[in-house]
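Each chain, letter by letter, is given below.
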Amino acid sequence: MPKKLPKKDVVIIGLGWTGSILAHELTDEGLDVIAIERGPWRDAPTEFPPNYAQDELRYRIRHELFLRPEQNTFTFRNKMNQTALPIRDWGSFMPPNGVGGGGVHWNAETFRFMPSDFVLKTHLTERYGAAFLPEDMTIQDFGVTYDELEQHYDAFEYLCGTSGTAGNLRGQIQEGGNPFEGPRSRPYPTPAQKQPFSHTLFAKAARELGYKPFPQPSGNLSQAYTNPLGLRMGPCTYCGFCEWFGCGNYSKASPQTTILPLLVRKSNFTARDNSEVLHINLDRSGKHATGVTFVDTGGVEWEQPADLVILSAYTLFNVQMLLNSKIGTPYDPVANKGVIGRNFTHQTISSVNGFFDNKKFNFNPFIASGAIGMCIDEFNGDNFDHGPHGFVGGGYMGQVQTNGRPIQSASVPPGTPKWGAVWKNATRDNYLSTVKPGTGVHGSFYSYRDVYLDLDPTYTDRFGRPLMRMTIDFHDNELKQNAFLTDKFAEIIRAMGAHTLDKQYRKGPYDATDYQTTHLNGGAIMGTDPSTSAINRYLQSWDVPNLFVMGASAFPQNAGYNPTGTVAALAFWAASAIRGQYLKNPGPLVHA
Amino acid sequence: MTMRRREFLAGTAILVLSTMKSRATIISGGLPWTPDAGTPPIPVRPGPWHYFTSDEGRAVEALADRIIPPDPQTPGGKDSGCAVFVDRQLAGPYGRSEGHYNQPPFMPGTKQQGSQSQKGPAAVYREALAALDRYCQSTYQGKRFADLSDEQKDELLKNIEDEKTKLEGIDGKSFFAQVIKDVQTGFFADPIYGGNRDMVAWKMIGYPGARYNYLDWVDRHNERFPLPPVSLMGRADWSPKP
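Nothing here was measured: the structure is a model prediction, and the numbers come from that model.

The rules we used
Residues numbered from 1 in each chain as written. Chains lettered and ligands numbered in written order. Predicted model: local features only at pLDDT ≥ 70, side-chain atom pairs only at ≥ 80, totals over all residues. Heavy atoms only, no water. Helix = DSSP H or I, 4+ residues; strand = E, 2+ residues; numbered from the N terminus. Rg over C-alpha atoms; globule rule 2.2 N^0.38 Å. Buried < 20%, exposed > 50% of the residue type's maximum accessible area, 1.4 Å probe, protein only. Contact = heavy atoms within 4.5 Å. Lys, Arg positive; Asp, Glu negative; His and termini not counted. Charge placed at Lys NZ, Arg CZ, Asp CG, Glu CD. Salt bridge = Lys/Arg side-chain N within 4 Å of Asp/Glu carboxyl O. Phe/Tyr/Trp six-rings, centres within 6.5 Å; stacked < 30°, edge-to-face > 60°. Lys NZ or Arg CZ within 6 Å of the ring centre and 35° of its normal. Buried area = accessible area lost by both parts, 1.4 Å probe. Polar contact = N/O pair within 3.5 Å; in protein donor to acceptor, adjacent residues only side chain to side chain. Pairing = 2+ DSSP bridges. Core = buried A, V, L, I, M, F, W, Y, C linked by side-chain atoms within 4.5 Å. pLDDT = per-residue confidence, 0-100. Axes fitted to C-alpha atoms, helices over the stretch in contact; angles between N-to-C directions. Parallel < 35°, antiparallel > 145°, perpendicular 65-115°, else oblique. Nonpolar A, V, L, I, M, F, W, Y, C, P; charged D, E, K, R; others polar.

Colleague: Help me understand the overall build of chain B in this model?
Modeller: Along the backbone of chain B there are seven helices and two strands. Helices (α) and strands (β) of chain B occur, in sequence order from the N terminus, as α-β-β-α-α-α-α-α-α. By the compact-globule yardstick of 18 Å for 242 residues, chain B is too spread out, its C-alpha radius of gyration being 24 Å. Considering chain B as a whole, with its 242 residues, one finds that 48% of them fall into the buried category. Taking the intrachain contacts of chain B between residues at least 6 apart in sequence as the baseline, contacts between residues at least 24 apart amount to 54%. Side chains of chain B carry 30 positive and 29 negative charges; the gap between the two charge centres is 7 Å.

Colleague: When you look at the pattern of salt bridges in this model, what are you seeing that I'm missing?
Modeller: Residue and element names in this part refer to chain A. Going through the model one piece at a time under the given rule, you end up with 43 salt bridges over all chains. As a salt-bridge pair, R469 and D454 come within 2.8 Å of each other at their nearest N and O atoms. On the criterion of sequence distance, the pair formed by R469 in strand β21 (residues 466-471) and D454 in strand β20 (residues 452-460) is long-range, its members being 15 residues apart. Exposure remark for R469: the relative accessible area of 13% places this residue in the buried category. One salt bridge connects D514 with R506, and the closest N-O pair in it is separated by 3.0 Å. D514 sits in the partly exposed class, given a relative accessible area of 32%.

Colleague: Would you mind showing me how to read the packing of aromatic side chains here?
Modeller: Working definition: an aromatic ring pair is given by the centre-to-centre distance plus the angle between the planes. Throughout the structure, instances matching the rule amount to 57 aromatic pairs over all chains. Ring geometry for F241 of chain A against F245 of chain A: centres 5.3 Å apart, planes inclined by 80°, an arrangement best described as edge-to-face. Judged by centre distance (5.4 Å) and plane angle (50°), the ring pair of F366 of chain A and Y214 of chain B falls under tilted. With F366 of chain A in the loop between β15 (348-355) and β16 (374-376) and Y214 of chain B in the segment after α7 (200-205), this pair bridges two chains. One aromatic cluster is present, formed by F111, F113, F118, F142, F214, Y396, F555 and Y561 of chain A through successive ring pairs. Positioned above the aromatic ring of W302 of chain A, the side-chain terminus of K3 of chain A is 5.3 Å from the ring centre.

Colleague: What's the story with the interface of chain A and chain B in this structure? I'm lost.
Modeller: Accessible area lost upon the coming together of the parts is a frequently used measure of interface size. Contacts between the two partners involve 93 residues from chain A, matched on the other side by 86 residues from chain B. Summed over both sides, the interface of chain A with chain B buries roughly 7,400 Å², with 60% coming from carbon and sulfur. Taken together, the connections running from chain A to chain B amount to three salt bridges. Across the pair K424 of chain A and D71 of chain B runs a salt bridge, and its minimum N-O distance is 3.0 Å. The tally of links between chain A and chain B comes to 40 residue pairs in polar contact (both at pLDDT 80 or more). In terms of residues, the side of chain A that touches chain B owes the most to one element, helix α13 (residues 421-430) of chain A, which gives six residues. Two elements, strand β11 (residues 269-272) of chain A and strand β2 (residues 25-28) of chain B, share two bridges in a ladder whose sense is antiparallel. Across the sheet, the residue bridging to R272 of chain A is I26 of chain B, located in β2 of chain B.

Colleague: I keep staring at the nonpolar core and nothing clicks. Help me out?
Modeller: The nonpolar side chains of a soluble globular protein tend to be buried, and buried together. Residue and element names in this part refer to chain A. The biggest cluster of nonpolar side chains holds 210 residues, and the ones touching the most others in it are L22, F93, I280 and I310. Counting residues per element, this core draws most heavily on helix α15 (residues 564-582), at twelve residues. Those residues in contact with I280 that sit more than four places away from it in its chain are I13, A289, G291, V292, V309, L311, M321, S325, I327 and L547. Ranked by size, the runner-up nonpolar core spans 28 residues in total, among them Y211, M374, F484 and A490.

Colleague: I keep staring at the sheet that holds β20 of chain A and nothing clicks. Help me out?
Modeller: Sheet strands pair via backbone hydrogen bonds, and the direction of the pair is either parallel or antiparallel. Overall, mixed pairing links the four strands, which are arranged β5-β4-β21-β20 (chain A) in an open sheet. On the outer flanks of this sheet lie β5 (85-86) and β20 of chain A, each paired with one strand and no other.

Colleague: Just to check I follow, could you spell out the confidence of the model for chain B for this structure?
Modeller: Do not read the predicted coordinates in detail wherever pLDDT is low. Looking at chain B as a whole, the pLDDT averages 90, with 90% of positions reaching at least 70. Predicted confidence for residues 16-22 of chain B stays below pLDDT 50, and this span has 15 contacts to residues more than four positions away or in other chains.

Colleague: Before we go on, may I ask you to explain the packing of helix α3 (residues 82-91) of chain B against helix α6 (residues 172-188) of chain B in this structure?
Modeller: If you want to describe how two helices pack, look at the angle between their axes and the distance between the axes. All names here are of chain B. Viewed as axis vectors pointing N to C, α3 and α6 meet at an angle of 110°, and their least axial separation amounts to 8 Å. Relative to α6, the element α3 lies roughly perpendicular. From α3, C82, F85 and V86 reach across to α6, where they touch D182, V183, T185, G186 and F187. Residue classes in the contact of α3 with α6 are distributed as five nonpolar, two polar and one charged.

Colleague: Got a minute to help me understand the side chain of D55 of chain A in this structure?
Modeller: When you line up the elements, D55 of chain A lands in the loop between α2 (44-47) and α3 (56-61). Of the side chains with opposite charge, R58 of chain A lies nearest to the buried D55 of chain A, which makes no salt bridge, at 5.1 Å. Looking at D55 of chain A, its side chain comes within polar contact range of the main-chain nitrogen of R58 of chain A, at 3.1 Å. A distance of 2.4 Å separates polar atoms of two side chains, one belonging to D55 of chain A and the other to Y193 of chain B. Residues contacting D55 of chain A, with those up to four places away along its chain left out, are R60, F241 and F245 of chain A together with P41, Y193 and L232 of chain B.

Below, the structure written as structure tokens:
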């Protein structure tokens with residue numbers, strides 16, 4: 001029997017970005033909040049201080065800050081007729097662990113989705129006709145619009161101190177920014193970061209080809225900043241140990257730098273670390289959550305009763321928690337019915353390495369930050385006519401080289417042997433003069449009937465619960481999109497002056513061993529119809545109204561941007577609905 | 001609630017739960033902080049092999065020197081410590097695949113599903129190095145791999161890479177790919193882990209190492225960064241002279 005703890009107003013599952021935002025908002029409302037986090041407490045002075053944080057082997061290669069697959073992993077297959085096997089060591093994505101969640105090790109690329117991304121199905125159908133979309137594509141509108149989220153994007157950017165150049169200020173297009181972005185109500189809180197040599201060279205080449213390059217919006221700050229909570233951050237030092245690492249310098253926006261120091265001082269907030277929630281408890285009706293059951297690393301089981309449950313773990317763990325808690329109908333791809341697990345997506349990533357004459361070009365690739373870069377948006381979303389191309393979707397592309405860490409980034413031209421004197425000399429001759437964008441082409445990944453999550457029939461976790469099974473592959477639409485975008489990107493790298501290109505197209509089948517991004521989405525999607533969505537437009541469970549589910553698991557499909565800006569905006573939007581509507585009259589906020 | 005009151009009186013409180021094994025804590029009242037709480041890396045010490053037998057160590061040194069051959073400017077894989085790096089890694093969590101999902105059943109899968117092997121890298125090296133020496137002894141008049149000429153080693157490794165030569169009982173191609181990866185990782189990793197001795201690899205490519213501030217350099221475009229590399233242990237010339 002679990003030991004029963006005193007009841008709280010709110011229990012939060014997972015203390016990453018969205019858990020921290022909700023905890024801050026709901027404690028401000030006067031509620032007594034407890035957050036339960038599977039991993040350890042993390043803070044810069046103890047976990048990644050600048051005297052040893054810059055360790056590529058430990059953090060990048062051996063995954064120090066991430067979940068261990070032995071704690072929890074997933075089974076994976078490409079097609080429904082294959083046997084899924086466990087992901088025994090991480091590859092294509094990196095699940096976070098510990099306080100701060102993905103906000104510790106992210107690049108801090110802080111994009112907004114475009115207005116059309118939120119009404120994707122409607123937009124594409126109106127412009128191209130329903131027959132233009134692949135038959136098994138299951139894209140949907142979000143059920144919330146860009147205009148509704150604008151103030152919440154703004155709140156997150158000002159929380160983080162995001163560095164950038166506005167491209168659209170209240171409808172006025174701004175020189176130097178992204179002209180394709182939705183209108184923003186005010187400029188970024190801090191100016192764009194300075195750009196290293198290769199990034200400026202990319203911008204120049206892009207401009208000469210007729211594009212409108214803009215600095216990537218960055219949560220690595222260009223200057224010192226005090227956020228609305230009174231927390232102070234220092235300027236980024238371009239150390240090149242950002243993504244996969246924690247920032248030892250208080251320069252990268254994270255829960256640790258922007259929320260937690262204030263949150264933990266509130267008398268109505270408590271956190272428990274090293275404590276994993278096993279399931280959300282329901283009453284006999286199955287329509288009301290009574291709290292959660294969790295187990296700490298000592299193996300002791302606890303029950304935490306609460307009036308309101310916020311599920312704010314990473315995408316995949318949100319879905320797994322719902323399946324394990326038997327909340328919502330699991331998705332059945334054959335019948336195309338049910339909601340939990342449907343519209344699972346990732347990102348369509350590729351890149352092009354450019355090799356330059358080392359007598360003329362010295363890029364010092366180690367001078368960089370996680371969200372540095374110059375990008376273009378001409379080929380994102382529906383910013384170009386897809387009619388002639390036979391696919392939908394797109395992405396931003398850019399020179400976003402985030403580091404020169406040599407284990408991963410020392411590159412040789414295509415055709416070079418993998419070892420021996422020729423390899424050694426090529427490595428020496430190319431290190432300083434190679435353009436190696438992190439995610440050069442950052443494409444959308446739309447949803448399909450046969451890309452989904454469910455429980456595995458064979459493999460179990462350390463508690464004996466079934467692992468979650470991922471069935472995922474690239475469809476022709478995304479592969480066509482990627483070929484088109486990668487070629488466009490290569491033209492710009494060539495125009496920068498590269499003598500040799502290494503075009504790394506995204507090819508199928510989806511490979512779970514090849515790191516792409518950690519932008520997994522969907523599985524507990526938001527929408528307007530309970531038969532095709534797990535949560536309503538306020539991220540409230542259709543089935544259990546005192547449960548709200550945060551995170552990218554809410555995305556019906558993925559846009560050609562990094563998700564965190566939108567994930568955080570949705571968290572502020574949900575918090576606002578809880579504070580303004582739900583608490584006054586607890587119950588469904590939308591009647592279907 | 002009395003617990004809250006006690007924590008409040010103590011200012012910042014971390015309450016370690018009573019269960020001995022548990023590291024779970026309750027955090028409230030302020031940021032948890034204790035002095036000297038970090039976990040800095042432990043430097044590799046030179047000395048005898050931790051995992052390899054002496055024959056295995058010789059073979060891996062020989063492999064490291066063919067993967068990264070010495071040249072007049074930069075030492076090869078052996079003298080830069082890559083075999084020591086691999087040895088210490090195999091003796092540690094990496095060698096045992098610690099933290100990986102190691103539950104059965106183990107079934108063969110597709111390349112996209114990743115390794116489904118029950119064996120960690122340490123066991124793989126033990127078997128494969130034995131198979132490599134057995135092959136050499138039967139093909140080259142009793143010589144082990146380390147005793148072949150450089151030309152013979154290169155030819156054999158090329159044939160293993162191209163799957164023209166098969167080693168008995170093991171997947172030679174994927175083993176050699178793993179050795180390449182491990183040796184090159186050791187070459188470029190911080191010297192604190194045993195390879196990249198005296199930061200030779202970083203000097204070779206022009207990487208300044210574990211520095212943390214390039215604010216003055218971000219907009220000095222197309223200029224060679226002038227400062228020498230630094231490791232997590234500092235630099236030899238920073239140490240006090242005896």
